[in-house]
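# Tertiary structure, described
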Amino acid sequence: MNRRLVLNLLRRNGPRSRAEIVVATGLSPATVTFVVGDLIEETVLLEGLASTGSTGRRPIPVEINYAGRLVVGLQYRVGEVRAVLTDLSTKALATLSVPVGDVSPEAYVEASALAAEDLLRHAKRERRSIIGIGVATPGTIDIAGGICRVSHRFGWRDVALAAMLAERVHAPVWIDDDTNAFALAQQLFGLGRQHRTVGALAVGVGISCAVVVDGVVHHGAIGGAGKLGHCTHDPNGPKCECGRRGCLQAFYSEPAIVDRWRGRRPRTVTRFDMLQAADAGDEHAVSVLREAGENIGRHLAVFCNIVDPEIVVVGGEAVTFGDHFLDPMRAALAQHTLSPPPPVMPDWQGDSWERGAAALATQKLFDFEAASGHIRA
């Protein structure tokens, strides 16, 4: 617990001297000396250079050695595995995408192993520098057992994914729902870094809203927390991937938004075409984006009334639509929340999802509880 206290202080506030750590944490000087000494010996911390001022030599600061360990982050999508090699700050050192021929767990495990090997080769780094692999996949995840209980997108049920991959790559593996991984990345190093209660809204192929409470991602009883996209928007609506009708994501996921605007257009169009049309004043594009933002914002208001987050970070493909989509969401949120609404901040980082997966392994240094959430071959 003392290690966790010291590391999180340095993560949030940057380099500090031992004396400053004593004041900030309330730990005794002897305890801080012992903990910092151990972490330096393990190369988790580094000593900086003491500066010299008018009062003489100043205390030596210590800081996290982010470059001293590497992590692989994997995001599972239909048809591909997106992969990133990061340091402990989830700074991307190498990225790539590996196609997957089918949706079987075995195919994704094999693609993941190939991705890890290719990343190390591209970055010219050795396997022994890897402390673990994080996997972000859509679904309900038993994080302690490393089991995907159900993924409607892949048709998986009770797949021991972490054990399968750990056996293949011979390294610790953590898995979680992709939006939970995104939320963790925001809490550790992103827009939620200085907040204790954070909502992480993802609007892409699905819609989900993970929550960080008191600095910890909330998973719920069976790992199913945050499935905002499966709230019923209209029971007579289109069929969702979960098998039910009228789920919010069946109406307003990013593909559903683009499909509604596409209509009978003979050519294939993308969200970028839709954005260009909205920017040019296409009334239909603007109307569809306004409707999507308003309705997601109304459901998000229910979440905010229950959770009361300090900030909501929005990620996923739909952030491409910018204020055409986000401003109506903010307006609906303000209209339907009981207290002043939290700020809604878009995350523009294209690799946040893969880096979020990497954070599943990175967090083990910052949270002693994470030790129970991995599978080692």
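Preceding this section is the structure that the text describes.
Quick notes on the rules
- Residues numbered from 1 in each chain as written.
- Predicted model: local features only at pLDDT ≥ 70, side-chain atom pairs only at ≥ 80, totals over all residues.
- Heavy atoms only, no water.
- Buried < 20%, exposed > 50% of the residue type's maximum accessible area, 1.4 Å probe, protein only.
- Helix = DSSP H or I, 4+ residues; strand = E, 2+ residues; numbered from the N terminus.
- Pairing = 2+ DSSP bridges.
- Contact = heavy atoms within 4.5 Å.
- Axes fitted to C-alpha atoms, helices over the stretch in contact; angles between N-to-C directions.

## Some details on helix 12 (residues 352-362)
Of all 11 residues making up helix 12, 11 are buried, and the element is well covered by its neighbours. Regarding helix 12, the residues found buried are Ser352, Trp353, Glu354, Arg355, Gly356, Ala357, Ala358, Ala359, Leu360, Ala361 and Thr362.

## Structural notes on the side chain of Thr362
Checked against the element boundaries, Thr362 lands in helix 12. Of the residues examined, Thr362 reaches a relative accessible area of 0% and is grouped as buried.

## With respect to the pairing of strand 15 (residues 207-213)
Counted residue by residue, strand 15 has 6 buried out of 7 residues, so it is predominantly covered. Bridging between strand 14 (residues 198-203) and strand 15 involves 6 bridges; their strand directions are antiparallel. Note that in strand 15 the partner of Ala200 across the bridge is Ala210. The turn linking strand 14 back onto strand 15 is made up of 3 residues. In this sheet, strand 16 (residues 216-217) lies alongside strand 15 in antiparallel orientation, the contact comprising 2 bridges. Paired with Val212 across the two strands is Val217, which belongs to strand 16. Hairpin connection from strand 15 to strand 16: 2 residues lie between these consecutive antiparallel strands, with Asp214 at a positive phi of about 50°.

## Digging into the sheet that holds strand 5 (residues 61-64)
Sheet strands line up and pair through hydrogen bonds in the backbone, either parallel or antiparallel. With antiparallel pairing, 3 strands are arranged side by side in an open sheet as 1-5-2. The sheet is open, and its two edges are formed by strand 1 (16-17) and strand 2 (45-47), each paired on a single side. Taken together, the 3 bridges between strand 2 and strand 5 define a ladder with antiparallel strand orientation. Paired with Leu45 across the two strands is Ile64, which belongs to strand 5. Taken strand by strand, helix 1 (residues 2-13) contacts strand 1, strand 2 and strand 5, and its axis lies near 90° from that of strand 5. Against the sheet, helix 3 (residues 29-41) touches strand 2 and strand 5, its axis set at about 100° to strand 2.

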